[in-house]
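Residue-level structural notes
Single-letter residue listing:
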Amino acid sequence: MSGIETSDKGASDIEPSNEELSDVVAELRHVEKYFGSLHVLKDINLTVGRGEVLVVIGPSGSGKSTLCRTINRLEPIDSGEILVEGKLLPQEGKELARLRADVGMVFQSFNLFAHKTILDNVALGPRKARKIPRAEAEAEALELLDRVGIKDQANKLPAQLSGGQQQRAAIARALAMHPALMLFDEPTSALDPEMITEVLDVMVSLATQGMTMVVVTHEMGFARKAADRVIFMSDGEILEEATPEVFFTAPTTDRAKDFLAKILQH
Amino acid sequence: MNLFSRYIEFIADYNIFHAFWVNITLTLFSGALALVLGTIAVVMRISPIASLRGASTFYVNVFRDIPLTVVMVVMFSVVWVQLQVSFSSDMSRDFYILAIIGLGMYHSSFIAESLRSGINTVPLGQAEAARSIGLTFMQSARIVILPQAFRGSIAPIGNTIIALIKNTTVASVAAVANETSGVMAAALEFGPQFNFLIFFTFALGYVIIVIPVGLLTTWLSRTLAVMR
Ligand SMILES: Nc1ncnc2c1ncn2[C@@H]1O[C@H](COP(=O)(O)OP(=O)(O)O)[C@@H](O)[C@H]1O
Ligand SMILES: [Mg+2]
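Residues numbered from 1 in each chain as written. Chains lettered and ligands numbered in written order. Predicted model: local features only at pLDDT ≥ 70, side-chain atom pairs only at ≥ 80, totals over all residues. Heavy atoms only, no water.

Residue and element names in this part refer to chain A. With respect to the helices and strands, Pro179 occurs in the loop between α5 (163–175) and β7 (181–185). Classification of Pro179 by relative accessible area gives buried; the value is 1%. In this structure the C-alpha to C-alpha distance between Pro179 and Arg100, which are 79 residues apart in sequence, comes to 9.0 Å. (Helix = DSSP H or I, 4+ residues; strand = E, 2+ residues; numbered from the N terminus. Buried < 20%, exposed > 50% of the residue type's maximum accessible area, 1.4 Å probe, protein only.)

Here you go:
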């Protein structure tokens, strides 16, 4: 099991510039989560190393989204511990809001602020959560929009953009906070096929620049190209953990074999 | 002289424009108060703190369920007469201010309910995205949720304002003088032969005030609608 894995990817201009960074960005210890009587996360132990790209795969309802959402406390957990950058996540309040900003999240349905321009969407977090002056925040927002290839859309409203453009804007919005870790929850499942590549390309380039990423996706091309490690979840448990090469060619559990057979048919 | 010109002569003794002006200013002040209180109530209602949610639910239900006349009688006979709450040495000024507070609190419950229906039109993902970029609850509410909720509830808020315009006539129970319902009652008393024309005059006045408000809310809710 490769718990802590330092990737061999190149240095990055995205990573936060703290002096002493440990090799571990996020750590989950014995995490349990219930929705009523439904046991959705069962004794989850997981370490995400700096610069690591972890792909989470598994059937619908296996707890992948919930796993992501607990890492930035959009969902509280029932027991266990979650540490981000060595700090235990607090329960609620301002402190949590601050720590949450260190973890970027990209949602399946983009969730751009519908009443704000793309530029405002990206500059809002730095301005309000980090108190960065407007001009400075907007200058950086434009740079980020340029990086994801939609600078020319900066003054439009989200509804005026295609799905692929909206998702790239959402990635820029998360990057604007200089997160230590980025969570992607099925970022391409709501997209038309022709737009999937443009989003995956942005994610691959983030990965090669050294961003630490947890990505829920069934895009095997992305997993093979960018992932350092794949975990397979089923019924709230992590059943397998391997490099993409090993997982896709030689899964060990029957459930993983079944699942791969099903997604390969499509 | 025909009936109509005799009526004009009669009604000229009553300062109808001033009466409407009293109701309009009551609407403006109590409407502003209702918007502020209603917004506070709805923010408490969606807050993560259970006691604030409970307090808001209680407040909204109380003012939504009690008849306005009762609220206004309480403002006059309990708050002013018994508790002797006073804002100035001028009695009529006190009545005016207490009427504004009563109207404001009563209508704030409807504003809060309208806003809550507006909040229900904002997808949950908007709040989650706001939290995920590190905004606090108050920042998410102020910057992301409420602006969209307001745009989604302009029509019901407009209806509440229209109801408020007409409900300001209940201020007479809180002893506010010279407003339309009091002036109309006086005119009816001294000119019963003109009763139909008197009713018609005041009804027309309200229609003239309310129609533009209705048009404005329709226009606003179209132009400000959030594109999704
Ligand atoms: N807010 C919720 N309330 C109750 N049950 C939920 C909630 N969110 C998810 N679930 C349930 O938890 C299980 C795991 O869901 P999820 O993490 O979304 O799975 P996945 O992302 O792998 O499809 C599912 O059975 C789902 O129905
Ligand atoms: Mg999911």
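What follows concerns the side chain of Arg69 of chain A. As for its position among the elements, Arg69 of chain A is in helix α1 (residues 64–71). You can call Arg69 of chain A buried: its relative accessible area is 15%. Ignoring sequence-local partners within four residues, the contact set of Arg69 of chain A consists of Leu74, Glu75 and Met105 of chain A together with Glu128 of chain B. (Contact = heavy atoms within 4.5 Å.)

All names here are of chain B. Where helix α2 (residues 16–46) meets helix α7 (residues 137–152), the axes come as close as 11 Å, and the angle between the chain directions of the two elements is 120 degrees. The orientation of α2 with respect to α7, classified from their angle, is oblique. For α2 against α7, the interelement crossing comes out right-handed. Here Leu35, Thr39, Val42, Val43 and Ile46 of α2 come into contact with α7, specifically with Phe137, Met138, Leu146 and Phe150. In the contact of α2 with α7, the residues fall into eight nonpolar, one polar and no charged. (Axes fitted to C-alpha atoms, helices over the stretch in contact; angles between N-to-C directions. Parallel < 35°, antiparallel > 145°, perpendicular 65-115°, else oblique. Left-handed = near helix turned anticlockwise from the far one by under 90°. Nonpolar A, V, L, I, M, F, W, Y, C, P; charged D, E, K, R; others polar.)

Looking now at the interface of chain A and chain B. Each side of the interface is counted separately: chain A has 28 residues, and chain B has 20 residues. Its largest share of buried area at the contact with chain B, chain A owes to Phe113, Ala114 and His115 of chain A, together 28% of the area lost on that side. Here Arg69 of chain A makes a salt bridge to Glu128 of chain B, at a shortest N to O gap of 2.6 Å. For the side of chain A that touches chain B, the elements supplying multiple residues, two or more each, are α2 (94–100), β6 (103–106) and α3 (118–129) of chain A. Counting residues per element, the side of chain A that touches chain B draws most heavily on α3 of chain A, which supplies four residues. Broken down by class, the residue content of the side of chain A that touches chain B amounts to 14 nonpolar, five polar and nine charged. (Buried area = accessible area lost by both parts, 1.4 Å probe. Salt bridge = Lys/Arg side-chain N within 4 Å of Asp/Glu carboxyl O.)

Residues and elements named next belong to chain B. Across chain B, the average pLDDT comes to 94, with 100% of residues at 70 or higher. The lowest-confidence element of chain B is helix α4 (residues 68–82), averaging 90 in pLDDT; the highest-confidence one is helix α3 (residues 50–65), averaging 97. Among the prediction metrics, the complex's ipTM stands at 0.88, with pTM recorded as 0.89. (pLDDT = per-residue confidence, 0-100.)

Before going further, it helps to spend a moment on the packing of aromatic side chains. For the structure shown, the criterion picks out 15 aromatic pairs over all chains. Look at Phe10 of chain B and Tyr14 of chain B: their rings are 5.3 Å apart centre to centre, the planes differ by 55 degrees, and that puts the pair in the tilted class. Of the two residues examined, Phe10 of chain B and Tyr14 of chain B, each falls in the buried class. A ring pair is formed by Phe76 of chain B and Phe95 of chain B, whose centres lie 5.3 Å apart and whose planes are at 65 degrees; its orientation type is edge-to-face. Linking Phe76 of chain B in helix α4 with Phe95 of chain B in helix α5 (residues 91–120), this pair joins segments that are 19 residues apart in sequence. Look at Phe76 of chain B and you get partly exposed, because its relative accessible area is 25%. For Phe95 of chain B, a relative accessible area of 8% corresponds to the buried category. Counting every residue linked through ring pairs, the aromatic cluster contains Phe232, Phe247, Phe248 and Phe259 of chain A. Over the ring of Phe113 of chain A we find Arg173 of chain A, and its NZ or CZ is 4.6 Å from the ring centre. (Phe/Tyr/Trp six-rings, centres within 6.5 Å; stacked < 30°, edge-to-face > 60°. Lys NZ or Arg CZ within 6 Å of the ring centre and 35° of its normal.)

Another point: the pairing of strand β4 (residues 79–84) of chain A. All names here are of chain A. One ladder, built from five bridges, connects strand β1 (residues 24–35) with β4; its direction is antiparallel. By the bridge assignment for β4, Ala26 is matched with Val84. The sheet contact formed by β4 and strand β5 (residues 87–88) spans two bridges and is antiparallel. Within β5, the position partnered with Val84 by the bridge is Lys87. What sits between the antiparallel neighbours β4 and β5 is a turn of two residues, in which Glu85 has the positive phi angle 50 degrees. (Pairing = 2+ DSSP bridges.)

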